[in-house]
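Given next are the chains, with one letter for each unit.
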Protein chains: 2
Amino acid sequence: MLRAAVGVADERGIESLTMRRLADVLDAEAMSLYHHVANKEEVLDGVVDVIAAEINEAVGRLTLPTKGARWKPAARLRVLTAREVLLRHPWAPRVFVSRTSTSAGILEYYDGLLAIMQAGGFSHDLCHRALHTLGSRALGFNQELFDPGDAPTGPEAAAAMAGMAERFPHLVGMLAEVAHDDPDSTLGWCDAQTEFEFGLDLILEGLDRMRDTV
Amino acid sequence: MLRAAVGVADERGIESLTMRRLADVLDAEAMSLYHHVANKEEVLDGVVDVIAAEINEAVGRLTLPTKGARWKPAARLRVLTAREVLLRHPWAPRVFVSRTSTSAGILEYYDGLLAIMQAGGFSHDLCHRALHTLGSRALGFNQELFDPGDAPTGPEAAAAMAGMAERFPHLVGMLAEVAHDDPDSTLGWCDAQTEFEFGLDLILEGLDRMRDTV
DNA sequence: ACCTGAACACCGTTCAAGT
DNA sequence: ACCTGAACACCGTTCAAGT
């Protein structure tokens, strides 16, 4: 049933995951679901567990060494592997942030990340700060509020840019040059992947520096 | 009307902000709102604009110098000032991340942040990467997936910890020591404030280092 | 032009009734 | 024990009708 819920979200989007539709897919008529879950929240909790299990299965196959300075490439690969799973379920981050309680599967994922950091020599306190600093990046996604690289294109783009240039001069200046330097910057998630890795590496390097000095 | 919407969200939570309740508060009977907005999405867009205006008003009063190395404390204060506004509207981050288009007020906020970075000598490309790296932190909040410092308390805490210790040894070890080192770590947003500033400073320092070398 | 009430299509959920 | 259909309370939204 939870697998069916993930299937519905994958195929028609998370907003289409309603109790009625889920029952339809299961060939059960409508409201029988409530004999297996207390309410929809429990369905979403279960969905998170399914995705977490998929992530844990993927990162469980990793075999990089983790001692000392090797912690960094090991943590990096773990995060990017989790990200690969999430890229197959683009709706999952939204469900993750909507949960109030934490799934055991997510705790298991974090526990493995902590194992890497502790093998690298992190104190418990630095581990704690590291998890907060990484935030959702630890699981492979970064909540973007708007895409600064998403410059307007099309016929009226030039006019819109001119109007915006007065109100947001620095922003428009940046967009013009970034778009010029990298014409592929708006082509799908390739760019987002580069940006994600940039931010991840910046944080991991900052943490590594503290490992040496704190 | 948008101010009334913010008031409803402040007093009863964002989930209580329905078209019917909003009309009630405005002493208009129900469905007259649709003569002023196309749909609820437009109401939420407007709510974002109201909060963005409040943020811009607050950061507009700041007067720190921004040239060269001074960019860092200036950017830091700008972000923490935005955070102060959001702490008065704890539901706002959830509305922010739910918007697909970006409000002009948010663009204005980003434009001012870019002005600081450019005064500090950032290239357009590094500005772009910096915004992506900061993500929601640029606006003063960090999407937490679960609070690793939120150790269980109460009578059955010890038993729960013992059960969890087998499955999540590193996590439980960390929680035990962090809770021991800092018994106040679960008392409200003080802790979250410390953690937010830690992550913010780590990122700002990493960006500052790149300013010198890239 | 602006407001209104009834109605529609949808949602999560309850409940008494079936097997 | 498990499933079902009708119903309830709520939501966003439409529409014809009022002033």
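Looking at an unreviewed UniProt entry, one finds chain A named AcrR family transcriptional regulator and attributed to Allocatelliglobosispora scoriae.

Trainee: Can you walk me through the nonpolar core in this structure?
Mentor: For soluble globular proteins, the rule of thumb is that nonpolar side chains tend to be buried together. Of all hydrophobic cores here, the largest spans 129 residues; its most connected members are Phe96 of chain A together with Phe96 of chain B. Top contributing element to this core by residue count: helix H3 (residues 40–60) of chain A, with ten residues. Not counting the four nearest positions on each side in its chain, Phe96 of chain A is found in contact with Val48, Ile51, Leu86, Ile106, Leu139 and Phe141 of chain A together with Leu145 of chain B.

Trainee: Whenever I open this one, the interface of chain B and chain A confuses me. Can you help?
Mentor: It is common to report an interface's size as the accessible area lost on association of the parts. Counting from both sides, the interface comprises 52 residues of chain B and, opposite them, 52 residues of chain A. For the pair chain B and chain A, the summed buried surface comes to about 5200 Å²; carbon and sulfur atoms form 66% of the total. Salt-bridge contacts for Arg167 of chain A lead to Glu108 of chain B; the nearest nitrogen and oxygen are separated by 3.3 Å. Put simply, the parts of the chain that give the side of chain B that touches chain A at least two residues each are helix H5 (92–98), helix H6 (104–119), helix H7 (124–134), helix H9 (169–181) and helix H10 (189–213) of chain B.

Trainee: Help me understand the packing of aromatic side chains, please; the structure alone is not making it clear to me.
Mentor: The description of two aromatic rings rests on the distance between their centres and on the angle between their planes. Residues and elements named next belong to chain A. Within the structure shown, the criterion is met by six aromatic pairs over all chains. Both rings, one in Tyr109 and one in Tyr110, keep their centres 6.2 Å apart while their planes meet at 70 degrees; by these two values the pair is edge-to-face. Neither residue differs from the other here; Tyr109 and Tyr110 are each classed as buried. Geometry around Tyr109 places Arg78 over its ring, the cationic atom sitting 4.7 Å from the centre.

Trainee: Just checking my understanding: could you explain the protein's contact with DNA strand C for this structure?
Mentor: Surrounding DNA strand C, one finds 14 residues, the nearest of these being Arg20 and Lys40 of chain A together with Ser32, His35 and His36 of chain B. Near the protein, within 4 Å, the atoms of DNA strand C are sugar or phosphate in 47% of cases. Measuring from a base nitrogen of DNA strand C, one finds a side-chain N or O atom of Arg20 of chain A at 2.6 Å. Between DNA strand C and His36 of chain B there is a distance of 3.4 Å, counted from a phosphate oxygen to a side-chain nitrogen or oxygen. Grouping the constituent residues of the surface near DNA strand C by class yields five nonpolar, five polar and four charged.

Trainee: What's the story with the environment of Phe198 of chain A in this structure? I'm lost.
Mentor: All names here are of chain A. Take Phe198: it is sitting in helix H10 (residues 189–213). Judged by relative accessible area, which is 15%, Phe198 ranks as buried. The spacing of Phe198 and Met210 is twelve residues in sequence and 19 Å in space, taken between C-alpha atoms.

Trainee: Sorry, what's going on with helix H4 (residues 71–88) of chain A here?
Mentor: Every α-helix winds through 3.6 residues per turn, so residues three or four apart in the chain are directed the same way. Its 18 residues give H4 of chain A an end-to-end C-alpha distance of 26 Å, which sits within 8% of 26 Å, the value for a rise of 1.5 Å per residue. Every buried residue of H4 of chain A is accounted for by Trp71, Ala74, Ala75, Arg78, Val79, Leu80, Thr81, Ala82, Arg83, Val85 and Leu86 of chain A.

Trainee: Teacher, can you tell me more about the confidence of the model for chain A here?
Mentor: Regions with low pLDDT should not have their predicted coordinates read in detail. Mean pLDDT over chain A works out to 88, with 88% of the residues at or above the 70 mark. At the level of individual helices and strands, chain A shows its lowest average pLDDT in helix H8 (residues 157–167) of chain A, which scores 77, and its highest in H4 of chain A, which scores 97.

Trainee: Sorry if this is basic, but what is going on with the pattern of salt bridges here?
Mentor: Where charged atoms from two side chains of opposite charge come close, those side chains can pair. Residues and elements named next belong to chain A. Applying the stated criterion across every chain yields a total of 18 salt bridges over all chains. Across the pair Glu57 and Arg61 runs a salt bridge whose closest N-O atoms are separated by 3.0 Å. For Arg61, a relative accessible area of 57% gives the class exposed.

Trainee: Quick question: what am I supposed to make of helix H1 (residues 2–12) of chain B here?
Mentor: Residue and element names in this part refer to chain B. Residues of H1 that are buried: Ala4, Ala5, Val6, Val8 and Ala9. Where H1 is buried, its residues contact helix H2 (19–25) and helix H3 (40–60). Positive phi appears at Gly13, one or two residues downstream of H1, with a value of about 95 degrees.

Reading guide: rules and limits
Residues numbered from 1 in each chain as written. Chains lettered and ligands numbered in written order. Predicted model: local features only at pLDDT ≥ 70, side-chain atom pairs only at ≥ 80, totals over all residues. Heavy atoms only, no water. Core = buried A, V, L, I, M, F, W, Y, C linked by side-chain atoms within 4.5 Å. Buried < 20%, exposed > 50% of the residue type's maximum accessible area, 1.4 Å probe, protein only. Helix = DSSP H or I, 4+ residues; strand = E, 2+ residues; numbered from the N terminus. Contact = heavy atoms within 4.5 Å. Buried area = accessible area lost by both parts, 1.4 Å probe. Salt bridge = Lys/Arg side-chain N within 4 Å of Asp/Glu carboxyl O. Phe/Tyr/Trp six-rings, centres within 6.5 Å; stacked < 30°, edge-to-face > 60°. Lys NZ or Arg CZ within 6 Å of the ring centre and 35° of its normal. Near = heavy atom within 4 Å. Polar contact = N/O pair within 3.5 Å; in protein donor to acceptor, adjacent residues only side chain to side chain. Nonpolar A, V, L, I, M, F, W, Y, C, P; charged D, E, K, R; others polar. Expected span 1.5 Å × (residues − 1). pLDDT = per-residue confidence, 0-100.

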